[in-house]
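Breakdown of the fold
The chain contents come next:
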Amino acid sequence: MRRWGTLVAGLLLSAAASAEPVLTLSVLQAGTAHWELDHLQHAGLDRANGYRLELRPVANLPASRLAVTSGSVQGAVADLLWAQARYEAGVPYLYLPFSSQIGDLVVAEASPIRSLADLSGRRLGVAGGPDSKGWILLQRVAAQQGLDLAASVDLQFGAPPLLSQALKRGQVDAIVTYWHFAARLKGQGGWRSAFRLEELLTALDLDPNLPVLGYVFPKAWADDHPDLIARFARSVAQAKQSLADDPDHWQRLAPLMQDPSAGELAALREGYLAGRPQPLTEKRLADLHTLLALTGANGRRLMPAQLFVGADR
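Residues numbered from 1 in each chain as written. Predicted model: local features only at pLDDT ≥ 70, side-chain atom pairs only at ≥ 80, totals over all residues. Heavy atoms only, no water.

**Section: the UniProt feature "domain: SsuA/THI5-like" (unreviewed entry) in the protein**
Heads up, the rule is: UniProt positions are given in the numbering used here, feature names are shortened, and annotations may be inferred rather than shown by experiment. Secondary structure elements are defined from DSSP: runs of H or I of at least 4 residues count as helices, runs of E of at least 2 residues count as strands, and each element is numbered from the N terminus.
Per the UniProt annotation, the sites labelled "domain: SsuA/THI5-like" (unreviewed entry) are residues 97-248. Taken end to end, residues 97-248 has its terminal C-alpha atoms 25 Å apart, with 45% of it in helix and 22% in strand.

Next up, the structure:
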């Protein structure tokens, strides 16, 4: 009888485990979201919220996008402009804010560059390509000041690691780069922000805390799994708060962050925390729409509030 009881109990536990929903996300191996999601798993925040998170690390952004568009994972982290482009193409994605970090304009500590006007005649490296948000915003604000930035700088585009090296070698005078590459430079010493790109939003009369990166899920799938999305959103908020409350968590994450020096780790932690999204109010949503239009989106086909998790409606 005892053996039968043990068997029945085991079957019940197995059934309960199999009923636990699983959420599979693609994540860049060296990306900032990996830090957050690894901590979420390590702290058991997925299980505490009634689901199991599975991560599938990939080497680059195209691979992550392919994973979510092909359906091999349920979600990934993506740029707001990518989500908007998919919406315009008729394939909407639900968008859960991840970070409001746009980037940084980094120069040598002794550089005289402290404003947009100071870039005139300088060698400027830009991470990504001509359609990168940072470059577009720089040009918009420069135009307001009567400056044709593209015509007044010696411009080169490149990958963030290569631009960091070019800056160190004196091959460029300033770089517009992703926030975590900027944080590593500043954490090493000898480099500073001429200004953060979020300041450009203020110059455009927009809220500086706009979630330009988010977790994205195909709307068709998300509509069938609203409870799982809500559980994930809750666990992400808890992970962010936990990482803010206890600096010791970052020591465990250091190997995943490529073992930064103490100065780099402090700068990376500070940058991550500065990018935590604020509540997506009606005003912030309106500013997001303005930002999308400024960066080339079709103003008549902007992502509606229903696609933003947590938006005031």
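From this point, the discussion proceeds with the structure in view.
**Considerations on the environment of threonine 295**
For clarity, the threshold we go by: By the convention used here, residues are in contact when the closest approach between their heavy atoms is within 4.5 Å. Pairs of N or O atoms are called polar contacts if they sit within 3.5 Å, as long as, within protein, a hydrogen donor faces a hydrogen acceptor (for residues adjacent in sequence, only side-chain-to-side-chain pairs).
Summarising the element assignment, threonine 295 is placed in the segment after α15 (282-294). C-alpha separation for the pair threonine 295 and arginine 140, spaced 155 residues apart in sequence, amounts to 9.2 Å. With residues up to four places along the chain from it excluded, the contact list for threonine 295 reads Leu81 and Ile136. A polar contact of 3.1 Å, which involves the side chain of threonine 295, links it to the backbone oxygen of leucine 292.

**Notes on the sheet that holds strand β4 (residues 93-99)**
Rules: Note: two strands are recorded as paired if DSSP finds a minimum of 2 bridges between them. Every axis in this analysis is a line fitted to C-alpha atoms, fitted for helices over the stretch in contact. Angles between the N-to-C directions lie between 0 and 180 degrees.
The three strands lie next to each other as β3-β10-β4, forming an open sheet whose pairing is antiparallel. The open sheet is flanked by β3 (76-79) and β4, the only strands paired with a single partner. The mean angle between the axes of side-by-side strands here comes to 40 degrees, regardless of whether they run parallel or antiparallel. The pairing of β4 with strand β10 (residues 213-218) spans six bridges and is antiparallel. Bridge pairing in β10 links leucine 94 to phenylalanine 217. The strands touched by helix α4 (residues 61-70) are β3, β4 and β10; relative to β3, the strand with the most contacts, the crossing angle is about 115 degrees.

**What about the packing of aromatic side chains?**
Under the convention used in this document: A pair of Phe, Tyr and Trp rings is counted when the ring centres sit within 6.5 Å of each other, with Trp represented by its six-membered ring. The angle between the planes then sorts it: under 30 degrees is stacked, over 60 is edge-to-face, the rest tilted. Burial here depends on accessible area, computed with a 1.4 Å probe over protein chains only, as a share of the maximum for the residue type. Under 20% is buried, over 50% is exposed, and the range in between is partly exposed. By definition, being over a ring means that NZ of Lys or CZ of Arg is both within 6 Å of the ring centre and within 35 degrees of the ring normal.
Overall, the coordinates contain 11 aromatic pairs when judged by the stated rule. Here tryptophan 35 and tryptophan 179 contribute two aromatic rings whose centre-to-centre distance is 6.2 Å and whose plane-to-plane angle is 80 degrees, an arrangement assigned as edge-to-face. One end of the pair, tryptophan 35, is in helix α2 (residues 32-42); the other, tryptophan 179, is in helix α9 (residues 179-188), with 144 residues separating them in the sequence. Exposure class is identical for tryptophan 35 and tryptophan 179. Each is buried. Through a chain of ring-to-ring contacts, three or more aromatic side chains come together here, namely Tyr51, Phe98, Tyr215, Phe217, Trp221 and Phe232. If you follow arginine 301 out to its NZ or CZ, it ends over the ring of tyrosine 87, 5.1 Å from the centre.

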